[in-house]
Amino acid sequence: MRARSSSSAVEAGQVVQLSEQVRNFADIYASSRELQAVLDNPMVEADKRDAMLADVAAKGGPVGVGLNAVKLLAERKRPRFDAEIAARLATLADEKAGVVRATVISAGPLPEVVYERLKGELESATQRKVAIDRQQDPTLIAGVVTRIGDNTIDGSVKGRLAGIERQLSSL
């Protein structure tokens, strides 16, 4: 039944919206012990579970197709998997939009102009639209590590030092 829900969302052009709503619900679920207690308890009646989900929806949670997907997950006692499902939906949305995701890891925050220049270079290299996910790892010292799919470009000082260490140890 899950495949039919995803396929309906694709047909309706709502994959991105569905992805955002399921991810939003996953965040709400993760931060609410009360919601977890209701959805994770198999003894809670469907009416009470649906009322709780309607309350979440009324407070800015999922609506429409997103609410139906969350209800289906709750009905099947799978709410804790919403983050994983949201990630898969985001991947599907990216594929439908022709977007490739790049993860850029830097030692600290970078100026916006650096991200824009890097995005332009990646779009030129991949011939696709690129969305950049930003992460920070202070152990890199300086520079950036960029990942697109299975490809990693390590331009960090940490990576360069590791390369020098490998060269020296092979002597």
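Residues numbered from 1 in each chain as written. Predicted model: local features only at pLDDT ≥ 70, side-chain atom pairs only at ≥ 80, totals over all residues. Heavy atoms only, no water.

Engineer: So what about the pairing of strand β1 (residues 99-106)? Which residues, and what values?
Structural biologist: By the criterion of burial, β1 is predominantly enclosed, with 7 of the 8 residues buried. In this structure, β1 lies alongside strand β2 (residues 129-136), joined through 8 bridges in parallel fashion. Bridge pairing in β2 places Val-99 opposite Lys-129. Where the polypeptide runs from β1 across helix α7 (residues 112-126) and back to β2, its parallel neighbour, the crossover connection is right-handed. (Buried < 20%, exposed > 50% of the residue type's maximum accessible area, 1.4 Å probe, protein only. Helix = DSSP H or I, 4+ residues; strand = E, 2+ residues; numbered from the N terminus. Pairing = 2+ DSSP bridges. Right-handed = clockwise from strand over helix to strand, strands pointing away.)

Engineer: Report on unusual backbone geometry, specifying residues and quantitative values.
Structural biologist: Positive phi outside glycine occurs at Gln-127, with the angle close to 60°. If you trace the backbone, Gln-127 turns up in the loop between α7 and β2. In this structure, Ile-141 is a non-glycine residue whose phi angle is positive, near 70°. Following the sequence through the fold, Ile-141 ends up in the loop between β2 and β3 (144-148).

Engineer: Account for the environment of Ile-132, naming residues and giving values.
Structural biologist: Looking at the element boundaries, Ile-132 is found in strand β2. It is 5.9 Å that separates the C-alpha atoms of Ile-132 and Arg-101, two residues lying 31 residues apart in sequence. Once residues lying within four places of it in the same chain are set aside, the contact partners of Ile-132 are Ala-102, Val-104, Tyr-115 and Lys-119. (Contact = heavy atoms within 4.5 Å.)

Engineer: Can you explain the confidence of the model for the protein? Please cite residues and give values.
Structural biologist: Counting all residues, the mean pLDDT for the protein is 83, and 89% of those residues have values of 70 or more. Here residues 1-5 scores under 50 on pLDDT; set against residues more than four positions off or in separate chains, the count is 4 contacts. (pLDDT = per-residue confidence, 0-100.)

Engineer: Now, about the nonpolar core: what can you tell me, with residues and values included?
Structural biologist: Ranked by internal contacts, the top residues of the largest apolar core, which has 13 residues, are Phe-25, Tyr-29, Leu-35, Leu-39 and Leu-53. With 4 residues, helix α4 (residues 46-58) is the largest single contributor of residues to this core. Residues Val-100, Ala-102, Ile-132 and Ile-148 belong to the second largest nonpolar core, which totals 9 residues. (Core = buried A, V, L, I, M, F, W, Y, C linked by side-chain atoms within 4.5 Å.)

Engineer: How would you explain the packing of helix α3 (residues 33-40) against α4 if you had to name every residue and give the values?
Structural biologist: Running from amino to carboxyl end, α3 crosses α4 at an angle of 145°, the nearest separation of the two axes being 9 Å. Note that α3 runs across α4; the crossing there is left-handed. Contacts between α3 and α4 pair Glu-34, Leu-35, Val-38 and Leu-39 from the former with Arg-49, Met-52, Leu-53 and Val-56 from the latter. Its residues placed into classes, the contact of α3 with α4 shows 6 nonpolar, no polar and 2 charged. (Axes fitted to C-alpha atoms, helices over the stretch in contact; angles between N-to-C directions. Left-handed = near helix turned anticlockwise from the far one by under 90°. Nonpolar A, V, L, I, M, F, W, Y, C, P; charged D, E, K, R; others polar.)

Engineer: I'd like a description of the pattern of salt bridges, backed by residues and values.
Structural biologist: All told, the structure shown has 5 salt bridges when counted by the stated rule. A salt bridge links Asp-55 to Lys-59; the shortest N-O distance between them is 3.3 Å. By relative accessible area, Asp-55 is classed as partly exposed at 34%. Lys-59 gets classed as exposed once you look at its relative accessible area, which sits at 66%. A salt bridge links Glu-121 to Arg-117, with the shortest nitrogen-to-oxygen separation between them at 3.4 Å. Linking Glu-121 with Arg-117, this pair stays in helix α7, spanning 4 residues, or about one helical turn. (Salt bridge = Lys/Arg side-chain N within 4 Å of Asp/Glu carboxyl O.)

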